[in-house]
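# Observations on the model geometry
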Amino acid sequence: RVSVMSAPRRRLERLCSHLCLPTGHTCSKPCAGVEKNMKEEWYLGLDCSTQGLKAEVIDGKLSLVASASINFDRDLPHYKTRAGAHVKDLRATAPSIMFAEALDLLLSNMSSKGDSKTRVDLSKIVGIGISGQQHGSVFWKIGAEAKLKSLDPGLGLRDQLNGCFALKEGPIWMDSSTEKECDFVGSAVGGERKVLQLSGSRPYERFTGNQIRRIIFNHPREYENTERISLISSMLTSLLIGRYSPIDASDGSGMNLMNIRAKTWSWELLQAVTGKELSKSLNISALGPKAEALYCKLGGGSGLVASHTIVGNVSDYLIKRYGFSRHCRVVAGSGDNPCSLVGLRGTRSGDAIISLGTSDTFFAVTENPHMRTLDGHVLVNPIDSSTYIKMLCFKNGSITREKIREMFANGTWEGFNQALKETPPGNNGCIGIYFLDPEIVPTFNSSNVVPSVKMTLMMVVAMMKTRVMTGVKQVRTTFLRCSDSLERTVHCVVSLIPGKRCGHC
């Protein structure tokens, strides 16, 4: 089965991903009492994407009750982000406090303090699920958890947490600055393929472990002052429960730090990330002091949990400030990529999904975590932890499409869509490649990104359309050969660059 979904609709679906829905009701048509109870119990989904924070409230029958959103650029202009990030050369970061202020503003708009358009009775919410942009990290300062536990409901989160981050700006998924760190980690462990076998992915620049290594050696004082390292999903969860939240294993799969099979922190990778010099062998029976320190900053043995874990109830701060019920439960936050698969109900081995968002992703569900190609990822399935997700991620997604829309379609999606409709898939063999940023698949860094050329809108949108159609065609040929097919696709794309050729083309 193949599912294709655009970002807005995907976000609506994935907000239901980790909800604590009533259990024990197996009948297809609930009795009147149960049906009434399902309507009265509401569930809140939070989606922290690259460009904003969105909330949707549904009832027990999955009907939409209310929604609200915050755009980082528009609603929090004092952070001076562009598309939700600060980008300079290969570095891409986001202010950690911005996520806290966005949550505060969003809940204020939805509570009795907001206007009638977004106001909702938050006391009816019994469960909260969170989706966060994957790979982004937050470095909590020593003493931050004590502050989380003693928040004053009369004050906003920004005023109280502004000094609680060892790094004011945390790296996000768009960052491509850690090539040197990736090379070291790969060499320390025994090669890129060994890292892939351990963690589910070869060393990637945006992955948290390599970002942590950069901070250890480039910002040692800030690292030493770090009490806890969170992903964006677990950071938001921490804000909701009033203490540090563990990382869920599915989001943790995108860190180059977790053993993908054991679903625990990998001692080999922890030592590689913290090591100063290459060693002939890594001690996998005991952690060195630096690796042990990182292990503690990640939460230790309890720092990873299954995706469906209820990590606690909402904090007294949320109860008193916004009127939440003290019985409202919070599920471990997960990454946006795993949540996309959940929202699209990709549950069976062999299911395949194409998701179009800030980055474009291709997913397939499998029982075998083995990858035959280095250009892909294996994540723990958030629905069934005994199975896995195989994923390809294309960095130049929505932001690239939006740029092309502004340049060639009068700034409207109507014009963009009309051009798509009028262009045959493949554009009669004339395909354009347009990378605004260094690409993940195929791997392109800043030194070999193709210079901007004068391409027609037809060529660009045909390329976008062909990307999706190629994915569907590959899926139809069977998922078991997906790795080979996608590897050939990478070679074919590379061959379009002047001077590059490939035997598959």
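Above this text you will find the structure in question.
Structural notes, computed from the coordinates.

Reading the values: rules and limits
- Residues numbered from 1 in each chain as written.
- Predicted model: local features only at pLDDT ≥ 70, side-chain atom pairs only at ≥ 80, totals over all residues.
- Heavy atoms only, no water.
- Helix = DSSP H or I, 4+ residues; strand = E, 2+ residues; numbered from the N terminus.
- Buried < 20%, exposed > 50% of the residue type's maximum accessible area, 1.4 Å probe, protein only.
- Contact = heavy atoms within 4.5 Å.
- Areas by Shrake-Rupley, 256 points an atom, 1.4 Å probe, with all protein chains shown as cover.
- Axes fitted to C-alpha atoms, helices over the stretch in contact; angles between N-to-C directions.
- Parallel < 35°, antiparallel > 145°, perpendicular 65-115°, else oblique.
- Left-handed = near helix turned anticlockwise from the far one by under 90°.
- Nonpolar A, V, L, I, M, F, W, Y, C, P; charged D, E, K, R; others polar.
- Pairing = 2+ DSSP bridges.
- Salt bridge = Lys/Arg side-chain N within 4 Å of Asp/Glu carboxyl O.
- Phe/Tyr/Trp six-rings, centres within 6.5 Å; stacked < 30°, edge-to-face > 60°.
- Core = buried A, V, L, I, M, F, W, Y, C linked by side-chain atoms within 4.5 Å.

It is worth spelling out the overall build of the protein chain at this point. The helix and strand tally for the protein chain stands at 20 helices and 21 strands. The buried share of the protein chain, reckoned over its 505 residues, is 57%. Long-range contacts, defined as pairs at least 24 residues apart, comprise 69% of the intrachain contacts of the protein chain with a sequence gap of at least 6. Surface summary for the protein chain: the accessible area is close to 21700 Å², and the carbon and sulfur share equals 51%.

Time to look at the packing of helix α7 (residues 179–189) against helix α13 (residues 267–274). Interaxial distance between α7 and α13 falls to 9 Å at its minimum, and their mutual angle equals 130°. What the angle tells us is that α7 and α13 run oblique. Handedness of the crossing formed by α7 with α13: right-handed. The residues of α13 that touch α7, namely those facing F184, V185, A188 and V189, are E268, L269, A272 and V273. The residue inventory of the contact of α7 with α13, partitioned by class, reads 7 nonpolar, no polar and 1 charged.

Right, let's talk about the pairing of strand β4 (residues 64–71) for a bit. Where strand β3 (residues 52–59) lies against β4, 7 bridges are found, and the strand directions are antiparallel. Bridge pairing in β4 links V57 to A66. Counting the residues between successive antiparallel strands, the hairpin from β3 to β4 contains 4 residues, one of them, L62, with a positive phi of roughly 70°.

This next bit is on the pattern of salt bridges. Applying the stated criterion across every chain, the model contains 8 salt bridges. For E56, the salt bridge goes to K54, with nearest N and O atoms at 2.9 Å. Assessed through its relative accessible area of 24%, K54 is described here as partly exposed. Here D75 and R74 are joined by a salt bridge, their closest N and O atoms 2.9 Å apart. Since its relative accessible area comes to 26%, D75 is described here as partly exposed.

Let's shift gears to the sheet that holds strand β9 (residues 169–171). The strand order across the open sheet built from 3 strands is β5-β6-β9, with neighbouring strands paired in antiparallel fashion. With partners counted over all chains shown, the strands left at the sheet margins are β5 (86–88) and β9, one partner each. Across the sheet, the mean angle from the axis of one strand to that of its neighbour is 35°, orientation sign disregarded. Across the sheet, helix α4 (residues 96–110) lies against β6 (91–95) and β9, angled at about 40° from β6, the strand it touches most.

Right, let's talk about the packing of α7 against helix α9 (residues 208–218) for a bit. The interhelical angle for the contact between α7 and α9, taken along N-to-C directions, is 110°, at an axis separation of 9 Å. Our classification of the angle between α7 and α9 gives roughly perpendicular. In this structure, α7 uses E181, C182, F184 and V185 to contact α9, whose residues at the interface are N210, R213 and R214. Split into classes, the residues belonging to the contact of α7 with α9 amount to 3 nonpolar, 1 polar and 3 charged.

Here we come to the side chain of S315. The residue S315 is located in the loop between β15 (310–313) and α15 (316–322) in this model. Other than its neighbours up to four places away in sequence, S315 contacts L239, L240, I241 and G242.

This brings us to unusual backbone geometry. Negative phi characterises most residues that are not glycine, and trans characterises most peptide bonds. For L62, which is not glycine, the phi dihedral falls at a positive 70°. By the secondary structure assignment, L62 is in the loop between β3 and β4. In this model, K80 sits at a positive phi of 55°, which is unusual for a non-glycine residue. Relative to the assigned elements, K80 resides in the loop between α3 (72–75) and β5.

For any pair of aromatic rings, geometry is given as the distance between the ring centres together with the angle between the planes. In the structure shown here, the tally under the stated rule is 5 aromatic pairs. With 5.8 Å between their ring centres and 70° between their planes, F72 and F99 make a pair best called edge-to-face. With F72 in helix α3 and F99 in helix α4, this pair connects stretches of sequence that are 27 residues apart. Judged by relative accessible area, F72 falls into the buried class, the value being 0%. On the numbers, 5.1 Å between centres and 75° between planes, the contact of W413 with F416 is edge-to-face.

We now examine the side chain of D104. Summarising the element assignment, D104 is placed in helix α4. Among all residues touching D104, those that are not within four sequence positions of it are G156, L157, Y317, R321 and Y322.

The next point concerns the nonpolar core. Ranked by size, the top nonpolar core spans 61 residues in total, and within it I128, L161 and F324 carry the most contacts. Take this core: its biggest share by element is 9 residues, from α4. Ignoring anything within four residues of it in the chain, the contact list for F324 reads L44, L107, L122, S123, I125, I128, V314, L318 and I319. In terms of nonpolar packing, the next biggest core, distinct from the first, is built from 35 residues, F184, I229, I260 and A272 among them.

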